[in-house]
Amino acid sequence: MKEYCGLFGISGHKTAANLVYLGLYALQHRGQESAGICATDGVKLRLQAGMGLVADVFDKERLLRLPGSRAIGHNRYSTTGGSHRVNMQPLLVDIKGRLLSLAHNGNLVNARELRQQLKAKGAIFSSTNDSEVILHLMARSRRGGLEEQLQEALKRVKGAYSLLLMDGDKMIAVRDPYGFRPLCYGRLGRAHVFASESCAFDLIGARYVRELERGEMLVVNGGRLRSRRMPVPRRGASCIFEFIYFSRPDSFVFGHDVHDVRQRLGCELFREHPVDADLVMPVPDSSNVAAIGYAEQAKLPFKLGLIRSHYIGRTFIEPDQSIRDFGTRIKYNPVKGLVKGKRLVVVDDSIVRGTTTRKLVAMLRQAGAKQVHVRITAPVITHSCFYGIDTPTRKELIGSSYSVARICKHLGADSLGYLSISGLRRAAEDTGLDFCTACFDGKYPVGKGE
Ligand code: SF4
C-alpha cells in the first residue's frame, strides 16, 4: 500500500521555494517518484520538477530559479497515469492567458469518463494523470474568477482530492466534500502555510492552526485569508489508513494526533487477540507505535527484534537465487540475540499480498524464534482502493481469496490476528470522524469509477 502524494504550499514569505523544499522533504514518505515546486513573484510562474527524491531533484541552483513569495510543491507516487515525467506535479498551464499551477493528492473516480467527454470536445491532454481533468474543466468554464472556475469544475468531479492551486495573485487550498485526504493550514509569521501533514510545519517552525473542513476552500489573496464552502454529504469518509499507516506518527492529520490513534490501535488489537508470549516487536517503522500500544496493554516487553535499514535506494545489483529473499533481507534483519528461543508477537500494519510477512516469519524462525504470532493493526484487506492509494487488484489481495486460517498457514505463523472493523472504529472513536473503510468492507463512498 503506497500513498500517492504529499502537498506543501506557502504564501507571503520571501524564501517561499526554499520552505516548500523543506516541507516536501518532511513529506517524502508520501511519495518518492517525483518532486516539483512552482513559485511566483506575482508576474511569472516558474516550475522546477524531476523524477526522484526531493533531495535528488533540487539543489541550490534549481531553487534559485524559483524566486517569489508564493510557492506550491508536490511529492508524487503513482500508478494511475504511470511514473512518467509528463505526470510530475505541480502542473503548470496557461488558461486563457493566465498561468495556473495545480498540485493534487487523491484520485478522481470519474476522470476517465470526463477525459473522454473533454477529448470529444477537442481538448488535448498533455499528461495521463487524472488531475489535468480539473484544469480542462476550469478552462471551459464561462465564469470569470479563479475560485468560481474551480468551484464549477469541482462540481463535475467525483472522488478524492486535496488540492493546492496558484496563479499570479492567489493561492487556493481545497479538500473534497468527503474529506478523503488530509490537508492542514498553519502560519509562519505573516505567511499562510498548507501541508498534507503537520510534521512539515514543524520542520520550518510554522504553527499548526487547523485541518481544512471537508468541502472547504481556503483562499489567500493579498495576505488575507477567506473560507468558502461546497455542499457536503451528511457523512464524511476520511481515509482510516492515514492513521494505520500512511501518516507520520508525529503528525496531526484530520485534526488529530496520529501517534495517539496508532497506539490505541495496538491496545485494541491486544484486547481482541491476546496471546501468551515473551515479547512484542514491530515490523519497523510504521508499526512501532501500535506495537508499543499492544505491549503496554499486554504488559509484555517491547523489543526491536527486527532492524530496518534506512539507507537502501534502488539496488542495481540483483543477486541470483544464491541469496534467498534478497529484497526483504536488504530491508530487514532480525536481532538474533533477542529473538532466539522466544515466543514473539510480531505487530504489522497490514497484509497485502502476504509475500513480505511470510518472508519475515521465515527469517525470524531461522534466527531461532520459538513461536511467531502475527498481529495486524488493520482488518483483512479484501478490496482495492480507488481514492488515491496504490493497491493491487482484488485478485492479488490475499485477504480477498483466503480465510484467516489459510493465510496464517501460508505465512507459516503460529497464530494470526487482525483487528476487526469495530475495533478499528473504537480506536479512532475519539476523533469523532466518519471514515472510509472500503478496502475492508467494499462499501465505496463515491463508487469505484470505471
Ligand atoms: S479504500 Fe481504504 S485506503 Fe482507500 S481511502 Fe478508503 S480506507 Fe483509505
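Remember, it's a predicted structure, so these values are computed and weren't measured experimentally. (Residues numbered from 1 in each chain as written. Predicted model: local features only at pLDDT ≥ 70, side-chain atom pairs only at ≥ 80, totals over all residues. Heavy atoms only, no water.)

Q: It is not clear to me how the overall build of the protein should be interpreted in this structure. Could you clarify?
A: The number of helices and strands found in the protein is 17 helices and 25 strands. For the protein, the C-alpha radius of gyration of 23 Å lies close to 22 Å, the compact-globule estimate for 450 residues. Projected onto its principal axes, the C-alpha coordinates of the protein cover approximately 70 × 45 × 45 Å. When the 450 residues of the protein are sorted by exposure, 57% land in the buried category. Sequence-distant contacts, at least 24 apart, represent 68% of the contacts inside the protein between residues at least 6 apart. For the protein, the exposed area adds up to about 19,200 Å²; of that, 50% sits on carbon and sulfur atoms. Side chains of the protein give 66 positive and 44 negative charges; the mean places of these two sets differ by 2 Å. (Helix = DSSP H or I, 4+ residues; strand = E, 2+ residues; numbered from the N terminus. Rg over C-alpha atoms; globule rule 2.2 N^0.38 Å. Buried < 20%, exposed > 50% of the residue type's maximum accessible area, 1.4 Å probe, protein only. Contact = heavy atoms within 4.5 Å. Areas by Shrake-Rupley, 256 points an atom, 1.4 Å probe, with all protein chains shown as cover. Lys, Arg positive; Asp, Glu negative; His and termini not counted. Charge placed at Lys NZ, Arg CZ, Asp CG, Glu CD.)

Q: Would you explain the site of the ligand in this entry?
A: Around the ligand, the neighbouring residues are R181, C239, I240, F241, C385, Y387, I389, C436, A438 and C439. For the shell around the ligand, the class distribution of residues is nine nonpolar, no polar and one charged. (Near = heavy atom within 4 Å. Nonpolar A, V, L, I, M, F, W, Y, C, P; charged D, E, K, R; others polar.)

Q: I would appreciate a short explanation of the packing of aromatic side chains in the present structure.
A: The geometry of an aromatic ring pair comes down to the distance between the two centres and the angle between the two planes. Under the criterion given, the structure shown has 15 aromatic pairs. Taking 5.5 Å as the distance between ring centres and 40 degrees as the angle between the ring planes, the aromatic pair formed by Y185 and F194 counts as tilted. An identical accessibility class is assigned to Y185 and F194; each is buried. Both rings, one in F243 and one in F254, keep their centres 5.9 Å apart while their planes meet at 70 degrees; by these two values the pair is edge-to-face. (Phe/Tyr/Trp six-rings, centres within 6.5 Å; stacked < 30°, edge-to-face > 60°.)

Q: How do you make sense of helix α15 (residues 404–411) when you look at a structure like this?
A: Because each turn of an α-helix spans 3.6 residues, side chains separated by three or four positions in sequence point in the same direction. The set of residues buried in α15 consists of I407, C408 and L411. Around the axis of α15, the buried residues are gathered within 100 degrees of arc, so they sit on the same side. Facing away from the buried surface of α15 by more than 90 degrees, the exposed residues are A405 and K409. In this structure, the buried side of α15 is in contact with α13 (355–366), α14 (398–401) and β24 (415–418). Of the residues flanking the end of α15, it is G412, one or two places downstream, whose phi is positive at about 75 degrees. (Arc of directions from axis to C-beta.)

Q: So what exactly am I meant to see when it comes to the pairing of strand β7 (residues 98–108) here?
A: The side chains of a regular strand alternate between the sheet's two faces. Extensive coverage of β7 is indicated by the burial of nine of its 11 residues. Bridging between strand β6 (residues 91–95) and β7 involves five bridges; their strand directions are antiparallel. Among the inter-strand pairings, I95 is bridged to a residue of β7, identified as R98. Hairpin remark: β6 followed by β7, antiparallel, with two residues in the connecting loop; positive phi at K96, about 50 degrees. Here β7 runs beside strand β8 (residues 159–166); their pairing, made up of eight bridges, is antiparallel. Considered in β8, the bridge of H104 is made with L163. (Pairing = 2+ DSSP bridges.)

Q: Whenever I open this one, the nonpolar core confuses me. Can you help?
A: For soluble globular proteins, nonpolar side chains are generally found buried alongside one another. Membership of the largest hydrophobic core comes to 71 residues, with the highest contact counts inside it found for F241, Y294, L364, Y387, L416 and F440. When near neighbours in sequence (up to four residues on either side) are disregarded, Y294 contacts G266, C267, L269, F270, H273, P274, V275, V280, V345, V347 and R375. Membership of the second largest hydrophobic core comes to 29 residues, among which are A17, L19, A26 and V54. (Core = buried A, V, L, I, M, F, W, Y, C linked by side-chain atoms within 4.5 Å.)

Q: What is the right way to read the pairing of strand β22 (residues 371–376) from this model?
A: Most of β22 sits out of view: five of its six residues are buried. Note: strand β21 (residues 343–348) against β22, six bridges, orientation parallel. Residue D348 lies in a different strand from β22, and its bridge partner there is I376. Considered for its hand, the β-α-β crossover made up of β21, α13 and β22 is right-handed. Pairing of β22 with β24 involves four bridges; the strand directions are parallel. Among the inter-strand pairings, H373 is bridged to a residue of β24, identified as S415. (Right-handed = clockwise from strand over helix to strand, strands pointing away.)

Q: Which parts of the structure should I look at to understand the environment of S198?
A: Assignment of secondary structure puts S198 in the loop between β11 (191–195) and α7 (199–204). For S198, a relative accessible area of 4% gives the class buried. Remark: the alpha-carbon pair of S198 and G23, spanning 175 residues in sequence, is separated by 9.6 Å. Contacts of S198, omitting those with residues within four sequence positions, involve C184, Y208, D250, S251 and F252.

Q: Honestly, helix α1 (residues 16–26) in this entry has me stumped. Any pointers?
A: Counting buried positions along α1 yields eight of 11 residues, so the element is predominantly enclosed. Of the residues making up α1, those classed as buried are A16, A17, L19, V20, Y21, G23, L24 and A26.

Q: Is there a simple way to think about the packing of helix α9 (residues 258–272) against helix α10 (residues 288–298) in this case?
A: Helix-helix packing is characterised by the crossing angle of the two axes and by the distance between the axes. Packing of α9 against α10 brings their axes to within 7 Å, and their N-to-C directions diverge by 45 degrees. By the angle between their directions, the pair α9 and α10 is classed as oblique. Seen from above, α9 lies across α10 with right-handed handedness. Counted together, H259, R262, Q263, G266, C267, L269, F270 and R271 of α9 and V289, A290, I292, G293, Y294, E296, Q297 and A298 of α10 form the full contact between these two elements. Here the residues of the contact of α9 with α10 are counted per class, giving eight nonpolar, five polar and three charged. (Axes fitted to C-alpha atoms, helices over the stretch in contact; angles between N-to-C directions. Parallel < 35°, antiparallel > 145°, perpendicular 65-115°, else oblique. Left-handed = near helix turned anticlockwise from the far one by under 90°.)

Q: Sorry if this is basic, but what is going on with the domain arrangement of the protein here?
A: Often, the extent of an interface is quoted as the loss of accessible area on bringing the components together. For the protein, the assigned domains read domain 1 (2–233) and domain 2 (257–441). Its C-alpha centre places domain 1 at a distance of 33 Å from the equivalent point of domain 2. Listed per partner, the contact involves 11 residues of domain 1 and six residues of domain 2. In this assembly, domain 1 packs against domain 2 so that about 830 Å² is buried in total across both faces, 55% of it on carbon and sulfur atoms. (Domains from an automatic or database assignment. Buried area = accessible area lost by both parts, 1.4 Å probe.)

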